[in-house]
Amino acid sequence: MRIATWNVNSVRTRLPRLISWLGRRQPDVVCLQETKVVDEAFPLADIEALGYHCLLNGQKTYNGVAILSRVPPSGAVRLLPGDESDAERRILIATIDGIHIVNVYAPNGGDVGLPKYAYKLEWYRRLREFLESSFDASDDVLICGDFNVAPEDRDVWDPQKWRGQILCSGPEREALRNLTSWGLKDALRLHSSEGGLYTWWDYRAGAFHRGWGLRIDHILVTEPLAKRCTDVEIDRNERKGEKPSDHAPVIATLE
DNA sequence: ATGGCTACTCCTAGTAGA
């Protein structure tokens, strides 16, 4: 079973690439972030034609998440406790093949110290609370998406330059560690300990070709799924070519 | 150094992303 996460930065702009990628990689589950479209305008027919069920939690212009799956998902949740009904669309939870899938698009935070930054830290706190109250760490739970945090210096192309900056600050890293301390493993780190493994590169300044990246998209799994996880791949080929997203997909294989 | 680019919107300028 292959489960992927991809911040597509507009599902409508990325549709040709998404369709081609689905056909090539044949993932069983895909968690999309930054779809940037209301549910009524999601390119449903194009995705369903490829044999995927679509679960949507979209909004206009910003944010928006979706789960594509070969088998029908069940039990959708679209808001965190504490979210108002008009909250930013940043989370989508469903059960697929007995696995609880949590698709997240964590707030960016703007800059350290801004109100958006406080919102980001608070959002992480609420996510941790939700996990605790909804699941057990012995359950099959997989949380993936754009976490907007590079967990460690080895996940950053220039740790000196980024030290203390947004995506890398101490409190953000602590918020992510607090989340994983519930009972989650960073799936990529089950298999690779090296640096230089990035999932996002700035569009500007030829960052991709210069290797100026960060690893901010993650697949986190509880222990029973960690045992089943045989491989995690960052599909950096998707960052190349015409009209790429600024994020590459990450794909986990579960036995 | 200048976010050096991209995508969005009641759209040709401002906002946001990370």
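Scroll up to find the structure this text is about.
Residues numbered from 1 in each chain as written. Chains lettered and ligands numbered in written order. Predicted model: local features only at pLDDT ≥ 70, side-chain atom pairs only at ≥ 80, totals over all residues. Heavy atoms only, no water.

Participant: How do you make sense of the protein's contact with DNA strand B when you look at a structure like this?
Facilitator: The full set close to DNA strand B counts 25 residues, and S10, E34, Y105, N108 and R204 are the nearest of them. When the atoms of DNA strand B within 4 Å of the protein are grouped by moiety, sugar and phosphate amount to 65% of the total. N7 is positioned such that a nitrogen or oxygen atom in its side chain is 3.4 Å from a phosphate oxygen of DNA strand B. E34 is positioned such that a nitrogen or oxygen atom in its side chain is 2.6 Å from a phosphate oxygen of DNA strand B. For the surface near DNA strand B, the class distribution of residues is 7 nonpolar, 9 polar and 9 charged. (Near = heavy atom within 4 Å. Polar contact = N/O pair within 3.5 Å; in protein donor to acceptor, adjacent residues only side chain to side chain. Nonpolar A, V, L, I, M, F, W, Y, C, P; charged D, E, K, R; others polar.)

Participant: Help me understand helix α5 (residues 170-180) in this model?
Facilitator: Every α-helix carries 3.6 residues per turn, so stepping three or four residues along brings you back to the same face. Listed in full, the buried residues belonging to α5 are E172, R173, A175, L176 and L179. The arc enclosing the buried residues of α5, seen along the axis, measures out at 155 degrees, which places them on a common side. Contacts from the buried residues of α5 go to α3 (115-134) and β12 (217-221). (Buried < 20%, exposed > 50% of the residue type's maximum accessible area, 1.4 Å probe, protein only. Helix = DSSP H or I, 4+ residues; strand = E, 2+ residues; numbered from the N terminus. Arc of directions from axis to C-beta. Contact = heavy atoms within 4.5 Å.)

Participant: Help me understand the side chain of T199, please; the structure alone is not making it clear to me.
Facilitator: By secondary structure assignment, the location of T199 is in the loop between β9 (185-186) and β10 (200-201). Given the relative accessible area of 1%, T199 is considered buried. Not counting residues up to four positions away in its chain, the partners in contact with T199 are L214, R215, I216, D217, I234, D246, H247, A248 and V250.

Participant: In this structure, what is going on with empty space enclosed by the protein? I would like to understand it.
Facilitator: Applying the stated criterion across every chain yields a total of 2 cavities of 30 Å³ or more. The space that makes up the largest cavity amounts to roughly 40 Å³. Around the largest cavity, the lining residues are D186, A187, L188, T199, R215, D217, H218, I219, V232, I234 and V250. Of all the secondary-structure elements, those providing two or more residues to the lining of the largest cavity are β12 and β13 (229-234). In terms of residue count, the dominant contributor to the lining of the largest cavity is β12 (3 residues). A breakdown of the residues in the lining of the largest cavity according to their chemical character gives 6 nonpolar, 2 polar and 3 charged. Lining the second largest cavity we find D83, E88, R90, I91, Y119 and W123. Within the lining of the second largest cavity, the residues separate by chemical class into 3 nonpolar, no polar and 3 charged. (1 Å grid on protein atoms, 1.4 Å probe; cavity = no way out; pocket = protein on both sides within 12 Å on 5 of 7 lines; lining within 4 Å. Points joined across faces, edges and corners; volume = space filled by probe spheres on them.)

Participant: Teacher, can you tell me more about the layout of surface pockets here?
Facilitator: Here the idea is plain: a probe the size of a water molecule rolls over the atoms and shows the empty space left. Approximately 780 Å³ is the volume found for the largest pocket. In terms of lining residues, the largest pocket is bounded by 33 residues, among which Y105, N108, N148, L167 and W200 are the most central. Among the secondary structure elements, those contributing two or more residues to the lining of the largest pocket are α3 and α4 (159-162). For the lining of the largest pocket, the class distribution of residues is 14 nonpolar, 9 polar and 10 charged. There is about 190 Å³ of room inside the second largest pocket. Forming the walls of the second largest pocket are P151, E152, L176, R177, T180, L184, K185, D186, R189 and L220. Mapped by element, the contributors of at least two residues to the lining of the second largest pocket are α5 and β9. Counting residues per element, the lining of the second largest pocket draws most heavily on α5, at 3 residues. Class assignment for the residues of the lining of the second largest pocket results in 4 nonpolar, 1 polar and 5 charged.

Participant: Mind showing me how you'd approach the nonpolar core here?
Facilitator: Most often, soluble globular proteins keep nonpolar side chains buried together rather than apart. Ranked by internal contacts, the top residues of the largest apolar core, which has 31 residues, are I67, I101, L142 and I219. Among residues more than four places away in sequence, those in contact with I219 are I3, T5, L142, I143, C144, K185, D186, A187, V250, I251 and A252. L127, F130, L131 and L179 belong to the second largest nonpolar core, which has 22 residues in total. (Core = buried A, V, L, I, M, F, W, Y, C linked by side-chain atoms within 4.5 Å.)

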